[in-house]
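Reading the structure
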Amino acid sequence: MAWQIEAGWLQSAPKLPSPHCNPRPAGEISLLVVHGISLPPNQFGGPWIDDLFLGRLEPHAHPYFAEIAGLEVSAHCLIRRDGSLTQYVSFLERAWHAGRSCFMGREACNDFSIGVELEGTDTTPYTEAQYQSLADLARCLMGAYPQITCERIVGHCDIAPGRKTDPGPAFNWSHLRAILLEPA
């Protein structure tokens, strides 16, 4: 899909605005961070990721949720297993996805990055539909924010090593880069 961005939002993408965001301190957008998420852990589908990002995760719905309920976390977008995409935070705002992080000596990556969650785990192969959707989104973002380049598309594990492992060894970086090099 060829996405269009208007006022920080993908046109024709479903939007579920998260309260877990705030203004970017300098407005710069120069990094794309790829994450992996599943809720409950190792399970796919359901409303739980939406509920987490919207601050309405019910702690009694699953034993794991009692541990994470109340977290104030979000991403700009989520790409589900079928490749469908939902946007939670305008690209012009700071989503709370990276936490304590550093890229090329610069800390606080949330200040200058866009966070994209892929529904998955570190050890479950991601789907071709997810790679295609992520590549389409990355192309769109690189066009809108030229400081994002292929070299500035990284995993959460790259900016928070030792603290985070996602998107994990199941994510095929060479496959994503090959798709990005294909003509759109």
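Attention in this report is confined to the structure presented alongside it.

Reading guide: rules and limits
- Residues numbered from 1 in each chain as written.
- Predicted model: local features only at pLDDT ≥ 70, side-chain atom pairs only at ≥ 80, totals over all residues.
- Heavy atoms only, no water.
- Axes fitted to C-alpha atoms, helices over the stretch in contact; angles between N-to-C directions.
- Helix = DSSP H or I, 4+ residues; strand = E, 2+ residues; numbered from the N terminus.
- Parallel < 35°, antiparallel > 145°, perpendicular 65-115°, else oblique.
- Left-handed = near helix turned anticlockwise from the far one by under 90°.
- Contact = heavy atoms within 4.5 Å.
- Buried < 20%, exposed > 50% of the residue type's maximum accessible area, 1.4 Å probe, protein only.
- Arc of directions from axis to C-beta.
- Pairing = 2+ DSSP bridges.
- Polar contact = N/O pair within 3.5 Å; in protein donor to acceptor, adjacent residues only side chain to side chain.
- Phe/Tyr/Trp six-rings, centres within 6.5 Å; stacked < 30°, edge-to-face > 60°.

Quick look at the packing of helix H3 (residues 128–144) against helix H5 (residues 173–181) now. Across the interface, H3 lies against H5 with an axial gap of 9 Å and an inter-helix angle of 55°. When the axis of H3 is compared with that of H5, the two are oblique. Once H3 is placed against H5, the crossing between them reads as right-handed. Here H3 contributes Glu128, Tyr131, Gln132, Leu134, Ala135, Ala138, Arg139 and Met142 to the contact with H5, which in turn contributes His175, Leu176, Ile179 and Leu180.

What follows concerns H5. Since the α-helix packs 3.6 residues into each turn, any two residues three or four apart lie on the same face. The complete set of buried residues in H5 reads Leu176, Ile179 and Leu180. Taken end-on, H5 shows its buried residues confined to a sector of 100°, consistent with a single buried face. Across from the buried face of H5, at angles greater than 90 degrees, the exposed residues are Ser174 and Leu181. The inward-facing, buried residues of H5 abut H3 and strand E11 (153–155).

If you walk across this open sheet you meet the 5 strands as E6-E5-E10-E4-E11, and the pairing is mixed. Edge positions in the sheet fall to strand E6 (85–87) and E11, since each of these pairs with one other strand and no more. The mean inter-strand angle of the sheet, taken between neighbouring strand axes irrespective of direction, is 25°. Here strand E4 (residues 31–37) pairs with E11 via 3 bridges, running parallel.

With respect to the secondary-structure elements, glutamate 119 resides in strand E10 (residues 113–119). Of note is the side chain of glutamate 119, whose polar atom sits 2.7 Å from the backbone nitrogen of glycine 45. For glutamate 119, the residues in contact, after removing those within four places along its chain, are Ile37, Phe44, Gly45, Ile49, Leu78, Ile79, Arg80, Arg81, Tyr126 and Gln130.

This model, assessed by the stated rule, comprises 6 aromatic pairs. Relative to tyrosine 145, the ring of phenylalanine 91 lies with its centre 6.5 Å away and its plane at 75°, an arrangement referred to as edge-to-face. Taken together, the residues span a long stretch of sequence, with phenylalanine 91 in the loop between E6 and strand E7 (93–95) and tyrosine 145 in the loop between H3 and E11 at a distance of 54 residues. The buried category is assigned to phenylalanine 91, whose relative accessible area is 0%. The interplanar angle of 75° and the centroid separation of 5.6 Å between the aromatic rings of tyrosine 126 and phenylalanine 171 together place this pair among those described as edge-to-face. Pair noted here: tyrosine 126 is in the loop between E10 and H3 and phenylalanine 171 is in the loop between helix H4 (156–159) and H5, with a separation of 45 residues, a long-range link. Residue phenylalanine 171 is classed as buried on the basis of its relative accessible area of 5%.

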